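What follows is the residue order along each chain.
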Amino acid sequence: MNKVRKTLPAAIYHIVVCFFGFVMIFPLVWMIMSSFKPTNTIFTTASQLIPETWELQNYVNGWKGFADISFGVFFGNSLFIATVATLGTVLSSSMVAFGFARCRFRGRGLLFVAMLLSMMLPAQVLMIPQYLWYQKLSWIGTYMPMIAPYFFAIQGFFIYLMVNFINGLPKELDEAAKIDGCSYAGIYAKIILPLTVPALITAGIFSFMWRWDDFLSALLYVNKSVMYPVSLALKLFCDPGSTSDFGAMFAMATLSIIPSVLIFIFLQRYLVEGISTSGLKG
Amino acid sequence: MSKESTAGVIFSLPFIIGLIAFILVPMGMSLYYSFCDYNIISEPVFVGLDNYKKLFTGDEIFLTSLGITFRFALISVPLRLFFALAVAMILLKKTRMTGFYRATYYLPSIIGGSVAVSILWKRLFASDGVLNLLISGLGEPFTYSWLGNTSTAIWVLIILSVWQFGSSMLIFLASLKQIPTSLYEAAKVDGASRASQFCKITFPLLTPTLFFNLVMQTINGFLAFTQCYIITQGKPMNSTLFYTVYMYQQSFEYYHTGYGAAMAWVMLALIAMITWLLFGTKKFWVYDGGL
């Protein structure tokens, strides 16, 4: 009797949590399952989650892409943009964070405030002038607007994250190195950089996911379809006049979320760390 | 200059350059253009406050989009925070499955901003989409056009936004774990009910986190773009036209670039004002004492 009284509420708890959890991920599961169904049966069998026959035809069709440009090209483009921009933002933010956290110099306070304010500044406010500015620099139609700015630590969130991390490291390490005649560059490269690897990974995976999903800058700056990243290429499936091959669309959409899902599975610790300590948007 | 300050300036140099080249200069440019009649191709012509005047007196679509954006933020942000807190409380309980449950509820917010999810959402709520097919499965064929109707289209976008409550949930979980259990033990000794424990201990101690979430989510709510641009494009009859999408259309589809710049500055002023108002309410409900 006592056992029932204990296990029954627990069972109800698990059933309720599982049910709502299923509702939460249902859209995604539905999309993934549908990508394996023959494209003309997706909507006739919509209420049936598991495909009757599993087939990869949608992936083959989707991979062909648009106008002789394979989806592989779009994936390559996204991978290139996201990787280079991420390297840039992680390296530059880490340098600046070291300067802010470990060196006292005139104007540091002002720069720190500027960084905090830039975190609150919506990218959309800068959308128009940045476009005109990049036009003057002849960057429109290239990847420069989506890569170059990130080498200049323009994402204050990451600097902030790393400053906090470096502040948590004992200052005695620096002092000892200084006494041994180590320069500031040496302290940064040999002591701080290796010790901040967890913060670099956190910033890196957020940056990668954001760059991978970035739609607005691609929409603004890329005009040749051979240079499209995945986010922009997926939108072609939605355009009026496109042959609505929903199977191919779901197949490519499923592939496009794989990087985020892999990060989610294998690097979840860093994601949770970033969100719960610095409020980075997931 | 000492060695230390030289090093400091050198290490900060990327940010100094980036701040000037990619933030301050563009901001200055856009402030100037907001006072100009400008269409990207021809030279800007200074027109004073005309753009701003037109926004508030001669552009009904602008006022509509402003109203829609407010409505979207005012509905979706509180709902999102409510679900985030409620689910965080439920998943605080430690069981063997807790890690798995948290991951399940949190997954949508990891991928929710992607184009993939937006196109999926569009198919879920289409008149021949999944939702209607599931409802049809219960009996009568059902073909209500969720996205074609001015009263329901905005809700499709609100549901998409609320669905991504996972990252706020994680922030709540992190601060829930920091509340010392001794407080609850003392409350239990005094015979406090679960409800009054929540009202007198949990909630007050969570208010700083709630406030942080509220400010960040409200700002993000005002800036939503991708979902609206892909799923509804502002349709039907501008009933889902977000501020940012209208700004994009004005600047890059109609080439009213000066006008778009003015919209950007109005948005910045609005966000600053809302943030300031929220900070003004802080002293009435946010707990700032120690433990």
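About the thresholds
- Residues numbered from 1 in each chain as written.
- Chains lettered and ligands numbered in written order.
- Predicted model: local features only at pLDDT ≥ 70, side-chain atom pairs only at ≥ 80, totals over all residues.
- Heavy atoms only, no water.
- Helix = DSSP H or I, 4+ residues; strand = E, 2+ residues; numbered from the N terminus.
- Rg over C-alpha atoms; globule rule 2.2 N^0.38 Å.
- Buried < 20%, exposed > 50% of the residue type's maximum accessible area, 1.4 Å probe, protein only.
- Contact = heavy atoms within 4.5 Å.
- Lys, Arg positive; Asp, Glu negative; His and termini not counted.
- Charge placed at Lys NZ, Arg CZ, Asp CG, Glu CD.
- Buried area = accessible area lost by both parts, 1.4 Å probe.
- Salt bridge = Lys/Arg side-chain N within 4 Å of Asp/Glu carboxyl O.
- Domains from an automatic or database assignment.
- pLDDT = per-residue confidence, 0-100.
- Phe/Tyr/Trp six-rings, centres within 6.5 Å; stacked < 30°, edge-to-face > 60°.

Engineer: Could you clarify how one ought to interpret the overall build of chain A in this entry?
Structural biologist: Helices and strands together make up the secondary structure of chain A, namely 15 helices and zero strands. A compact globule built from 282 residues should have a C-alpha radius of gyration of about 19 Å, whereas chain A, at 24 Å, is more than 25% larger. Viewed in the frame of its principal axes, chain A has a C-alpha envelope of about 75 × 75 × 35 Å. Per-residue burial over chain A gives 54% buried out of 282 residues. Long-range pairs, those at least 24 residues apart, make up 71% of the contacts in chain A with a sequence separation of at least 6. Of note, chain A has its 18 positive side-chain charges centred 9 Å away from the centre of its 12 negative side-chain charges.

Engineer: Would you mind going over the overall build of chain B with me for this structure?
Structural biologist: A tally of helices and strands in chain B yields 13 helices and two strands. Relative to the globule expectation of 19 Å for 291 residues, the C-alpha radius of gyration of chain B, 24 Å, shows a markedly less compact shape. Dimensions of chain B, computed from the C-alpha atoms along their principal axes, are close to 80 × 75 × 35 Å. Burial analysis of chain B (291 residues in total) assigns 55% to the buried set.

Engineer: Honestly, the interface of chain A and chain B in this entry has me stumped. Any pointers?
Structural biologist: Interface extent is often summarised as the accessible area lost during association of the parts. At the interface, 84 residues of chain A touch 84 residues of chain B. Both faces combined, the contact of chain A with chain B buries some 7600 Å², and carbon together with sulfur accounts for 81% of it. Among the residues of chain A in contact with chain B, A:Y13, A:M24 and A:I128 are the three that bury the most area, contributing 9% of the side total. At the junction of chain A with chain B, the criterion picks out one salt bridge.

Engineer: Is there a simple way to explain unusual backbone geometry in this structure?
Structural biologist: As a rule of thumb, non-glycine residues mostly have phi less than zero, and peptide bonds are mostly trans rather than cis. For the bond running from B:K235 to B:P236, omega is -10°, close enough to zero to count as cis. Even without a glycine there, the phi angle at A:S138 is positive, about 55°. Mapped onto the elements, A:S138 comes out in the loop between α5 (123-136) and α6 (144-147).

Engineer: Looking at this structure, I do not really get the domain arrangement of chain A. What am I missing?
Structural biologist: Residue and element names in this part refer to chain A. Segmenting chain A into domains produces domain 1 (2-61) and domain 2 (65-281). Computed over C-alpha atoms only, the centres of domain 1 and domain 2 are separated by 33 Å. Contacts between domain 1 and domain 2 engage 12 residues on the former and 12 residues on the latter. When the two sides are added together, the surface that domain 1 and domain 2 hide from each other amounts to roughly 960 Å², 75% of it contributed by carbon and sulfur.

Engineer: Whenever I open this one, the environment of A:L232 confuses me. Can you help?
Structural biologist: Residue and element names in this part refer to chain A. Relative to the elements of secondary structure, L232 occurs in helix α12 (residues 230-236). Sequence separation of L232 and I15 is 217 residues, and the distance between their C-alpha atoms is 40 Å. Once residues lying within four places of it in the same chain are set aside, the contact partners of L232 are F215, A218, L219 and V222.

Engineer: Would you mind going over the confidence of the model for chain A with me for this structure?
Structural biologist: Do not read the predicted coordinates in detail wherever pLDDT is low. Per-residue confidence for chain A gives a mean pLDDT of 88, with 95% of residues at or over 70. Helix α3 (residues 71-102) of chain A holds the highest mean pLDDT among the elements of chain A, 95, whereas helix α15 (residues 268-278) of chain A holds the lowest, 78.

Engineer: Honestly, the packing of aromatic side chains in this entry has me stumped. Any pointers?
Structural biologist: Given two aromatic rings, one states the distance between the centres and the angle between the planes to describe the pair. Residue and element names in this part refer to chain B. Counted under the stated rule, the structure contains 54 aromatic pairs over all chains. For the ring pair F70 and F222, a centre distance of 5.1 Å and an interplane angle of 90° mean the geometry is edge-to-face. Of this pair, F70 sits in helix α3 (residues 60-90) while F222 sits in helix α10 (residues 194-222), and the two are 152 residues apart along the sequence. Ring centres 6.2 Å apart and planes at 50° place the aromatic pair F100 and Y101 in the tilted group. Taking relative accessible area as the criterion, Y101 reaches 3% and is therefore assigned buried.

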